[in-house]
Amino acid sequence: MQSFRLEARGICVDFPGVKALDGVDFRLSPGEIHALVGANGAGKSTLMKVLSGANPAYRGQVLLDGSPVSLRSPAEAQRLGIQTVYQEVDQALAPALSAAENMLLDGLARPGRLWVDWRGLYRQAEQLKRQLKMDFDVRMPVSRLTLAQKQMVLIARAVHNRCRILLLDEPTAPLSTVETETLFALCRRMVAEQQIAVVFISHRLPEVLRICSRYTVLRGGRLAASAPVTPQTTTGELVAHMLGAGGQAVRRRTDAVPGGELLSVRGLSSRDGSVRDISLTVRQGEVVGLAGLVGAGKSELCKTLFGILPRAAGTVLLDGRPAECRSPVDAVACGMGLVPEERRREGLFLREGVDFNLGVTCLKQCSRLSFLSRKKLDANARTQIGALGIKTPSPGQRVGLLSGGNQQKTVVGKWLAAGCRLYLFDEPTKGVDVGAKAELLRLIASLAGTGCGAVYASTEPDELLQVTDRIYVLYGGRVAAELVTAHTSEEEIMHYAVGGKAPFVPSAQRESEGRN
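Residues numbered from 1 in each chain as written. Predicted model: local features only at pLDDT ≥ 70, side-chain atom pairs only at ≥ 80, totals over all residues. Heavy atoms only, no water.

J.: Help me out: how do you make sense of helix H1 (residues 44–51) in this one?
T.: Note that an α-helix has 3.6 residues per turn; residues three or four places apart therefore point the same way. Taking burial as the measure, the 8 residues of H1 include 6 buried ones, the bulk of the element. Where H1 is concerned, the buried positions are Lys44, Thr46, Leu47, Met48, Val50 and Leu51. After H1 finishes, the residue Gly53 shows a positive phi value of roughly 85°. (Buried < 20%, exposed > 50% of the residue type's maximum accessible area, 1.4 Å probe, protein only. Helix = DSSP H or I, 4+ residues; strand = E, 2+ residues; numbered from the N terminus.)

J.: Just to check I follow, could you spell out the side chain of Arg189 for this structure?
T.: Among the secondary structure elements, Arg189 is positioned in helix H7 (residues 177–194). Buried and without a salt bridge, Arg189 has Glu193 as its closest oppositely charged side chain, separated by 5.1 Å. When near neighbours in sequence (up to four residues on either side) are disregarded, Arg189 contacts Leu132, Lys133 and Gln194. (Lys, Arg positive; Asp, Glu negative; His and termini not counted. Salt bridge = Lys/Arg side-chain N within 4 Å of Asp/Glu carboxyl O. Contact = heavy atoms within 4.5 Å.)

J.: What is the right way to read the sheet that holds strand E12 (residues 278–283) from this model?
T.: If you trace the 4 strands from one edge of the open sheet to the other, you get E12-E11-E14-E15, paired in antiparallel fashion. One side of each edge strand has no neighbouring strand; the edge strands of this open sheet are E12 and strand E15 (321–322). As paired strands, strand E14 (residues 311–318) and E15 are joined by 2 bridges and run antiparallel to one another. Its bridge partner lying in E15, Leu318 is registered against Arg321. Lying over the sheet, helix H10 (residues 298–305) contacts strand E11 (261–270), E12 and E14, oriented at roughly 110° with respect to E11. (Pairing = 2+ DSSP bridges. Axes fitted to C-alpha atoms, helices over the stretch in contact; angles between N-to-C directions.)

J.: Just checking my understanding: could you explain the pattern of salt bridges for this structure?
T.: Side chains that carry opposite charge are capable of pairing whenever their charged atoms lie near each other. One pass over the structure, following the stated rule, counts 19 salt bridges. Between Asp14 and Arg59 there is a salt bridge; the shortest N-O distance is 2.9 Å. Here the residue Asp14 occupies a position in strand E1 (residues 6–15), and Arg59 occupies one in strand E4 (residues 59–64), the gap between them amounting to 45 residues. Glu181 is paired through a salt bridge with Arg210; the nearest N and O atoms lie 2.7 Å apart. Here Arg210 lies in helix H8 (residues 205–211) and Glu181 lies in helix H7, a separation of 29 residues in the sequence. Exposure remark for Glu181: the relative accessible area of 34% places this residue in the partly exposed category. Residue Arg210 is classed as partly exposed on the basis of its relative accessible area of 43%. Among the charged side chains, a network of salt bridges with common partners joins Arg283, Glu286, Arg470 and Glu482.

J.: Would you explain the sheet that holds strand E13 (residues 287–291) in this entry?
T.: In any sheet, the strands associate via hydrogen bonds between backbone groups, in a parallel or an antiparallel arrangement. Spatially, E16-E19-E20-E13-E21-E22 is the arrangement adopted by the 6 strands of the open sheet, whose pairing is mixed. The sheet terminates laterally at strand E16 (336–339) and strand E22 (478–484), the two strands that pair on one side only. On average, adjacent strands in this sheet sit at an angle of 20° to one another, irrespective of strand direction. Pairing between E13 and strand E20 (residues 453–458): 5 bridges, direction parallel. The residue bridging Val287 from the neighbouring strand is Ala454, located in E20. The sheet strands contacting helix H15 (residues 404–418) are E16 and strand E19 (422–426), and the helix crosses E16 at an angle near 175°. Most of the contacts of helix H18 (residues 490–497) go to strand E21 (residues 470–475), to which it runs at about 30°, and overall it touches E13, E21 and E22.

J.: Help me understand the packing of helix H14 (residues 374–388) against H15, please; the structure alone is not making it clear to me.
T.: In a pair of packed helices, the angle between the axes and the distance between the axes together describe the arrangement. As a packed pair, H14 and H15 sit with axes 10 Å apart at the nearest point and diverge in direction by 120°. Judged by the inter-axis angle, H14 sits oblique to H15. Relative to H15, the crossing made by H14 is right-handed. In contact with Asn380, Gln384 and Leu388 of H14, H15 contributes Lys409, Gly413, Leu416 and Ala417. By residue class, the composition of the contact of H14 with H15 is 3 nonpolar, 3 polar and 1 charged. (Parallel < 35°, antiparallel > 145°, perpendicular 65-115°, else oblique. Left-handed = near helix turned anticlockwise from the far one by under 90°. Nonpolar A, V, L, I, M, F, W, Y, C, P; charged D, E, K, R; others polar.)

J.: Where do I start with the environment of Gly314 in this structure?
T.: With respect to the helices and strands, Gly314 occurs in strand E14. Classification of Gly314 as partly exposed rests on a relative accessible area of 37%. Residues Gly314 and Ile278 lie 36 residues apart in sequence; the distance between their C-alpha atoms is 8.2 Å. Not counting residues up to four positions away in its chain, the partners in contact with Gly314 are Arg266, Gly267 and Leu268.

J.: Can you walk me through the pairing of E11 in this structure?
T.: Look at any regular strand and the pattern is simple: side chains alternate between the two faces of the sheet. Burial within E11 is extensive, with 8 of its 10 residues counted as buried. Summarising the sheet, E11 and E14 pair through 6 bridges and their orientation is antiparallel. If you follow Ser264 over to E14, its bridge partner there is Leu317.

Limitation: the analysis is restricted to geometry and does not speak to function.
Here's what the structure looks like:
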């Protein structure tokens, strides 16, 4: 009988109105790199939080080396040798301290310690550096390290704390190809030399097949599949497990007749490297989708077009004229509007009324002699409230008290008042209920019907298939594929979103060819 380093049985986690995990089993053997994959919302992060002790309200049983354990706090998980390195590495580091101090930070913070043996600290850090074959000065402030080096500092901290199980959350998302190879080499050494078990959470399926010896797929909070990674395992097989059967029957727009070219983007790159050499077009009356998983560059592309992220290269034409958007003010002047993913933080003034939020993009029209006209503000608000069906007791209601769907409608409404030519929608249905989602999709389709253009960025393929005419799939900040919505499928979108190469072959065709 196989012994497992860690075994989770029947794990259940409930959130209000949502069953995040429903009886999930997960088994991790010593000295293996085990992939945990699934579409967005499948339950990967929730399961990771259970294993790291960050979600104490779980039901089920967890065993470590065959003995039951209770993972009700991060401190308890770390005491048992379970360490986590999250994608947002900066949140776990003290930027003003050196790499060495960050590596041994947990020991420095130990209660009762009165002084620091600096010579001993740097000696231990150098030992960790040699052990993990790191190539930077451990005395350097961690703020000056690259993202890959910061990850290695956190891994070194985990190893120093007698790590037995390492949870890596999207570790390669911010890394270059060279940095990714360095990380992979480090993981292989830890597994081979120290028998550390690694859980590798990733959307990049080609990397999963390269680095992992086993995979577990979650779908809708349940276990969809778990099997060894063999030479015969393909990204298509994993995508099929992630999507399940019958998940592609969706409605598509068939009534759109796009006009001339509205937006033309050529070789666009952002200064921070999150957007790389992207070219795309949007025609009048067209909704163009941006597909891709978390970290693919969808939000960053929207922010680069809108002037939030500085451009490094490329040209952008709107209505045939250069759109030199160095700031959101420039973008609005060119006729663009952005509905951001984080509406509460980036799209609304939560303490202000619905009327002010709906009029914030057209304050000149709502002013008289440099004074804001409450009458004009109220008239504009009532127009947009009626057009969008915003449910609010009054135009003066604080927008922070509205539901998520009505807040999102308010964000859209402020751009309707500005009379935009091009709308950038970044995850517009995030955090809204089913009814509000359907209303927003209808609204976006109706905007295109007036001759405006729209860019619709989403991690949800079914939404893209419902509302778009064409879809650009992003992977690693680049365009991986351009698809015509009427001739594509959720499976094809996911194939390119996880790093699959052309040509795409549907799973049904592969199975048929395999039988023959």
